[in-house]
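Structural overview
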Amino acid sequence: MEQTVNNPAQASSAYNFAYLDEQTKRMIRRALLKAVAIPGYQVPFAGREMPMPYGWGTGGVQVTAAVIGPDDTLKVIDQGADDTTNAVSIRQFFAKTANVATTEKTAKASIIQTRHRIPEKELREDQILVYQVPIPEPLRFLEPRETETRKMHALEEYGLMHVKLYEDISRHGHIATTYAYPVMVNDRYVMDPSPTPKFDNPKMDMMAALQLFGAGREKRIYALPPYTKVKSLDFEDHPFEVQSWKDECGMCGATDSYLDEVILDDKGNRMFVCSDTDYCSERQDAGHRGPQHHDQPLGTSHSNGKAAE
Amino acid sequence: MIPQPRTADLLRGFENAAFDSNAVFRTLLDAMAHPGRIYDLPLDVPAPAGLNKSATAFLLAMADMDTTIWLSPDCASNAANAHLKFHCGSPITETPSTADFAVARLDGDLAFIKKLPIGNAEYPDQSATLILQVEDISNKADMILQGPGIKDSQSLSVPGLPAAFHAWRAENHHLFPCGVDVIFAADHKIAALPRTTRIEIR
């Protein structure tokens, strides 16, 4: 689904370019420059009400609106998929209010807004990844007071976070946190990578693309400049590990991507499929086949695989 | 009291507020994300006396009634004041310690830079951005930069950068997460030096 628009001036004239007024965009842009200058630090900003409910990416949408220009090509993903409600509605929002080109191809996008996944394809220097963030403060469930978490960040007082991870180990034998896994940015700030699976954490480290994070309800913006050290918190005897699967993707046969489990019936049959729809379809176009692809002979399409931690 | 100029004497600002400010911001965002990398100013704007084109474009894109601007004595002029008040609506201050954006020339007196706000440990973002108007920026290896945004290392040369600047900058880097971010603004070229960048002087 490729829409190309040549003249940005044709954008829906009832709104300013990219919906937000210029003064709001300037305020967000100032916050973004500070966020890039202080990697991992949460910059407060005067978040506006957007024409969508909190939890649907109001923070990410405001960041995208402040960044996007008429020559950009926008991709929006929700849990890796381009075709889910949230992704489709945000893509249409900017197609309508900014008249920008949109794409589902990771490689063709200049701005990628994401809810909870990082594309499998390696991002480039000329791309910007915008995250929708529900709760920007990694310490919030440990310390509910903003005044205190501010102090903890100021003093680099992150012992509590290690205690939380340690409690995981003492209870489960391993660190059971699987998403929103806290990271240390540039050896200074502990940051919430937003609820991406921890599978995606290593991709943040030294990524070539600029990463911007927007939390609309909590009114915080933070950022990771390109080539910035991002380390997942762990212990020497319990090093950080990502999820792995015994199965391959049922459609494209990938063994290196993040897989979603799909329940097929009430007899225990299920399949695994790439969460990144563009990655999966690109592999299928290149001729890769998984056991449950419709090209494959019937009878081989079963899977008893089990997600392994 | 600054005499109010007649509207006819004012220079124009951006031709299209939305697209022009976006283009300038994207250049600044790229520059800030890639410290020391030199970017061309993406458009041409008339600059009032005292300011060059890059500094003017920066202020038109980023400043408004919520931000206070300080102009060093060698940048301040009636034309610059009137231009910024008309197009940005920004308050213009005489005291650098209250500035959000400070504009100065490299060949002027840099004693003020120690007075610029650096933020505090809880809100390091409440700091000033210094726009330093320079004659030229090049990739000659006078300075070797390292830090977030730089893959291996980045070379940068700003002719005429005095030792006092480097002394201040070394101190400023040490204050992280507090500190002042610097934008080097040549007439048509921009490079940024965020507080995270380490400088090795050759």
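Residues numbered from 1 in each chain as written. Chains lettered and ligands numbered in written order. Predicted model: local features only at pLDDT ≥ 70, side-chain atom pairs only at ≥ 80, totals over all residues. Heavy atoms only, no water.

Brief notes about the overall build of chain A
The condition is simple: Secondary structure follows DSSP: runs of H or I at least 4 residues long count as helices, runs of E at least 2 residues long count as strands, and numbering of each begins at the N terminus. Each radius of gyration reported is based on C-alpha atoms, and the globular scaling rule is 2.2 Å times the count of residues to the power 0.38. Residue burial is assigned from relative accessible area. The probe radius is 1.4 Å, only protein chains are included, and a residue is buried under 20% of its type maximum, exposed over 50%, and partly exposed in between. Residues count as neighbours in contact if any of their non-hydrogen atoms are within 4.5 Å of one another. The Shrake-Rupley method, run with a 1.4 Å probe, gives the accessible areas here. Residue values count only the displayed protein chains as cover.
When helices and strands are counted, chain A shows seven helices and 14 strands. Taking 2.2 N^0.38 as the reference for a compact globule, 309 residues should give roughly 19 Å; the C-alpha atoms of chain A span a radius of gyration of 20 Å, in line with that estimate. With the C-alpha coordinates aligned to their principal axes, the bounding extent of chain A is approximately 60 × 55 × 35 Å. In chain A, which comprises 309 residues, the proportion classed as buried is 58%. The long-range share in chain A, meaning contacts at least 24 apart out of those at least 6 apart in sequence, stands at 63%. Of the accessible surface of chain A, which amounts to about 13200 Å², a share of 50% is contributed by carbon and sulfur atoms.

Notes on the overall build of chain B
Cut-off, in case you're wondering: Charge assignment in this entry is limited to Lys and Arg as positive and Asp and Glu as negative, and neither His nor the chain termini are counted. By convention, charge coordinates are those of NZ in Lys, CZ in Arg, CG in Asp, or CD in Glu.
Helices and strands together make up the secondary structure of chain B, namely four helices and ten strands. Ordered by position from the N terminus, the helices and strands of chain B form the series α-β-α-β-α-β-β-β-β-β-α-β-β-β. Against the globule reference of 17 Å for 202 residues, chain B gives a C-alpha radius of gyration of 16 Å, in line with a compact fold. Burial status across chain B gives 55% buried among its 202 residues. By sequence separation, contacts in chain B at least 24 residues apart represent 68% of the contacts at least 6 residues apart. Of the roughly 8400 Å² of accessible surface on chain B, 50% is carried by carbon and sulfur atoms. Taken together, the 16 basic and 23 acidic charged side chains of chain B have centroids lying 4 Å from each other.

A short note on the sheet that holds strand S8 (residues 181-185) of chain B
Residue and element names in this part refer to chain B. The condition that has to hold: Only strands joined by at least two bridges in the DSSP assignment are considered to pair. Interaxial angles span 0 to 180 degrees and are taken between N-to-C directions of axes, which are lines fitted to C-alpha atoms, for helices over the stretch in contact.
Strand order in the open sheet formed by seven strands is S1-S9-S8-S5-S4-S2-S3, with mixed pairing between adjacent strands. Every interior strand has two partners, whereas the edge strands, strand S1 (39-40) and strand S3 (92-93), have only one. Inspection of the sheet shows S1 paired to strand S9 (residues 189-193) by two bridges, in the antiparallel sense. Within S9, the residue paired with Asp 40 across the bridge is Lys 189. Here helix H4 (residues 163-174) sits on the sheet in contact with strand S5 (129-133), S8 and S9, set at roughly 150° to S8.

A few points about the nonpolar core
Filter applied, for reference: What makes a nonpolar core is a set of buried Ala, Val, Leu, Ile, Met, Phe, Trp, Tyr and Cys residues whose side-chain atoms join them at distances within 4.5 Å.
Residues Leu 32, Val 67, Phe 94 and Leu 212 of chain A together with Leu 29, Leu 59 and Ile 131 of chain B are the most contacted members of the largest nonpolar core, which totals 87 residues. Considering every element that reaches this core, the biggest residue donor is helix H1 (residues 17-33) of chain B, with nine residues. Sequence-distant contacts of Val 67 of chain A, that is, excluding residues within four places in its chain, are made with Leu 32, Asp 72, Ile 111, Ile 128 and Leu 212 of chain A together with Asn 22, Phe 25, Arg 26 and Leu 29 of chain B.

Concerning the environment of Glu 148 of chain A
All names here are of chain A. Examined against the element boundaries, Glu 148 turns out to sit in helix H4 (residues 146-154). With relative accessibility at 25%, the residue Glu 148 sits in the partly exposed group. Between the C-alpha atom of Glu 148 and that of Lys 96, which follows or precedes it by 52 residues, the distance is 42 Å.

As for the confidence of the model for chain A
In plain terms, the rule: How sure the predictor is of each residue is captured by pLDDT, a score from 0 to 100.
Model confidence for chain A is summarised by a mean pLDDT of 92, while 92% of its residues fall at 70 or above. Here residues 300-309 of chain A scores under 50 on pLDDT; set against residues more than four positions off or in separate chains, the count is 23 contacts.

Examining the packing of helix H2 (residues 58-67) of chain A against helix H3 (residues 85-97) of chain A
Residue and element names in this part refer to chain A. Heads up, the condition is: The scheme is simple: roughly parallel for angles under 35 degrees, roughly antiparallel for over 145, roughly perpendicular for 65 to 115, oblique for anything else. Left-handed is the label given to a crossing in which the near helix is rotated counterclockwise from the far helix by less than a right angle, and right-handed is the label when the rotation is clockwise. Note on residue classes: Ala, Val, Leu, Ile, Met, Phe, Trp, Tyr, Cys and Pro are nonpolar, Asp, Glu, Lys and Arg are charged, and everything else, Gly too, is polar.
Put simply, H2 and H3 touch, their axes get as near as 12 Å, and they point 30° apart. Considering the angle they form, H2 stands roughly parallel to H3. In the packing of H2 onto H3, the handedness of the crossing is right-handed. Between H2 and H3, the residues in contact are Val 61, Thr 64 and Ala 65 and Ile 90, Phe 93 and Phe 94, respectively. Of the residues assigned to the contact of H2 with H3, the class counts are five nonpolar, one polar and no charged.

Things to note about the interface of chain A and chain B
Put simply, the test is: Throughout, the accessible surface (probe 1.4 Å) given up by two parts as they are put together, summed over both, is called the buried area. Salt bridges are defined by distance alone: a side-chain nitrogen of Lys or Arg within 4 Å of a carboxyl oxygen of Asp or Glu.
On the side of chain B, 41 residues touch chain A, which itself brings 40 residues to the contact. In total, chain A and chain B occlude about 3300 Å² of area from one another, counting both sides; carbon and sulfur atoms represent 63% of this. Together, Arg 30, Leu 33 and Lys 34 of chain A form the three largest contributors to the area buried by chain A at its contact with chain B, with a combined 19%. On the surface where chain A and chain B come into contact, there are four salt bridges.

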